[in-house]
Amino acid sequence: MNKDGWQLKGFHMRFGSHEDVGNLKRVIEEALAPMGVNVLILECNTSFQFQSHPEVSGGSLTKEDARELSSLCKRYGIQLIPLFDCLGHQGWGGARNSFLRAYPEFDETPHVPTDAKWPEFYCPSWCPTHPDINPIVFDLMDELIDAFEADALHVGMDEVFAIADDGCPRCRGKNKAKLFAKATTDYYEHLVRNRKVQMLMWADRLIDAKGMGYTEWDGDIYGIWPAVDLIPKDIILCDWHYDKLDAYPSVGHLLDKGFEVWPSCWKTPEAALDLLEQSIRQAEERGAIDRMPGMLVTGWNANGAKLVTALLGDGDLGEDTDDIKGIADTLKTVMEAL
């Protein structure tokens with residue numbers, strides 16, 4: 001990973017629109033680069049025009065778009081990392097994404113109706129033990145790495161609730177932590193061992209929510225968290241907490257386990273600064289500041305057009321139900337603090 005001192009100054013957003021590339025390029029040139037962002041994580045998922053498996057493409061971002069964005073980021077010293085969300089988040093509620101619509105046989109919960117809603121059901125996962133899934137997933141990973149000329153890939157894996165489901169003929173009855181760890185290790189073997197790129201993932205499923213005082217969102221309540229002891233230590237863990245809490249013990253815990261931990265915030269400047277301050281303190285107490293390299297600001301629901309407005313003052317956000325202004329304010333605040 002590129003480092004300015006010990007700091008990784010990151011911004012993450014979902015992005016999969018060919019029509020929005022021009023706006024994102026403006027944001028990179030006129031906002032992200034000037035404020036010191038040196039890592040941009042673009043969560044493409046299936047919103048990319050895949051050539052290896054066009055049947056899974058659910059968006060309009062092209063290989064040419066990826067090359068343009070990659071070249072622009074290189075010009076400004078920004079490391080561009082694509083994100084392909086693995087295992088969980090293969091849709092919302094019971095609605096399947098384009099991957100599971102193309103390959104329904106990979107669905108971990110085929111019995112769940114498409115109109116299911118939270119809290120009955122959160123979102124689908126793919127089955128990590130289906131014998132045919134990894135070759136396709138690896139093709140998609142490879143295509144994103146090549147298109148973005150990337151030296152790292154973020155595999156997501158956050159908020160996995162559907163795993164080892166009783167309705168899956170292959171996974172039912174299996175240990176959830178071991179199943180999650182095997183999937184993680186499969187992706188690691190392909191990315192780090194075979195492709196020689198850095199692997200990143202969200203840390204929430206590796207955190208004991210009840211033991212550390214977190215919610216079921218930024219920690220795990222389903223018995224997945226013991227996987228933390230079963231996966232390679234050179235995966236970078238993005239430990240996200242979006243609200244201001246009394247403590248964030250997972251940062252120190254994951255550092256103690258030997259991982260590089262990248263604290264991640266969202267849209268509340270005060271909460272972001274508190275997480276950063278406490279993370280630095282925990283890292284310094286352990287003599288592990290080299291493994292707590294900065295902060296990642298997540299830009300959920302942001303797109304290029306909204307960021308042009310929020311960061312460059314061009315346009316009108318209207319009611320701003322996604323709090324893009326909060327994201328912009330947090331990004332500026334964190335970059336100043338770093």
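(A) Molecular detail of the overall build of the protein chain. Helix and strand counts for the protein chain come out as ten helices and ten strands. In terms of C-alpha radius of gyration, the protein chain reaches 19 Å, essentially the compact-globule figure of 20 Å for 338 residues. Across its three principal axes, the protein chain shows a C-alpha extent of roughly 50 × 45 × 40 Å. Of all 338 residues assigned to the protein chain, the portion counted as buried reaches 59%. Taking the intrachain contacts of the protein chain between residues at least 6 apart in sequence as the baseline, contacts between residues at least 24 apart amount to 76%. When the accessible surface of the protein chain is split by element, carbon and sulfur atoms take 48% of a total near 13,000 Å². In the protein chain, which carries 33 positive and 55 negative side-chain charges, the distance between the mean positions of the two groups comes to 4 Å.

(B) Main features of unusual backbone geometry. With an omega of 10 degrees, the peptide bond running from W118 to P119 counts as cis. Tracing the sequence through the fold places P119 in the loop between α3 (98-102) and α4 (133-147). Phi at M157 takes a positive value of approximately 70 degrees, unusual for a residue other than glycine. Phi angles above zero are rare outside glycine, and D320 is one such case at about 55 degrees. Relative to the helices and strands, D320 is located in the loop between α9 (304-312) and α10 (324-337).

(C) Inspection of the pairing of strand β2 (residues 39-43) at higher detail. Among the five residues in β2, five count as buried, and that is most of the element. Burial along β2 is two-sided: V39, I41 and E43 and L40 and L42, pointing in opposite directions, are all buried. As defined by bridge partners, strand β1 (residues 8-14) adjoins β2 across five bridges and the pair is classed as parallel. Bridging across to β2, G10 finds its partner in V39.

(D) Up close: the pattern of salt bridges. Applying the stated rule across the entire model yields 20 salt bridges. For E189, the salt bridge goes to R193, with nearest N and O atoms at 4.0 Å. Separated by four residues within a single helix, E189 and R193 lie in helix α5 (residues 176-194), roughly one turn from each other. When its relative accessible area of 35% is taken as the criterion, E189 is described as partly exposed. Given a relative accessible area of 44%, R193 falls into the partly exposed group. Note that D322 is salt-bridged to K306, the shortest N-O span being 2.8 Å.

(E) Representation of the environment of I145 within the structure. By the secondary structure assignment, I145 is in helix α4. When the C-alpha atoms of I145 and L230 are compared, they prove to be 26 Å apart, with 85 residues separating the residues in sequence. Apart from residues no more than four positions distant in its own chain, I145 is found in contact with A150, L153, L191, R195 and V197.

(F) Expanded view of the sheet that holds β1. With parallel pairing, the eight strands of this closed barrel are ordered in space as β1-β2-β3-β6-β7-β8-β9-β10. Adjacent strand axes in the sheet meet at a mean angle of 25 degrees when their direction is disregarded. The pairing of β1 with strand β10 (residues 294-298) spans five bridges and is classified as parallel. If you follow G10 over to β10, its bridge partner there is L296. Sheet strands touched by α10: β1, β9 (260-265) and β10. Its angle to β10, the strand with the most contacts, is close to 170 degrees.

What counts and what doesn't
- Residues numbered from 1 in each chain as written.
- Predicted model: local features only at pLDDT ≥ 70, side-chain atom pairs only at ≥ 80, totals over all residues.
- Heavy atoms only, no water.
- Helix = DSSP H or I, 4+ residues; strand = E, 2+ residues; numbered from the N terminus.
- Rg over C-alpha atoms; globule rule 2.2 N^0.38 Å.
- Buried < 20%, exposed > 50% of the residue type's maximum accessible area, 1.4 Å probe, protein only.
- Contact = heavy atoms within 4.5 Å.
- Areas by Shrake-Rupley, 256 points an atom, 1.4 Å probe, with all protein chains shown as cover.
- Lys, Arg positive; Asp, Glu negative; His and termini not counted.
- Charge placed at Lys NZ, Arg CZ, Asp CG, Glu CD.
- Pairing = 2+ DSSP bridges.
- Salt bridge = Lys/Arg side-chain N within 4 Å of Asp/Glu carboxyl O.
- Axes fitted to C-alpha atoms, helices over the stretch in contact; angles between N-to-C directions.

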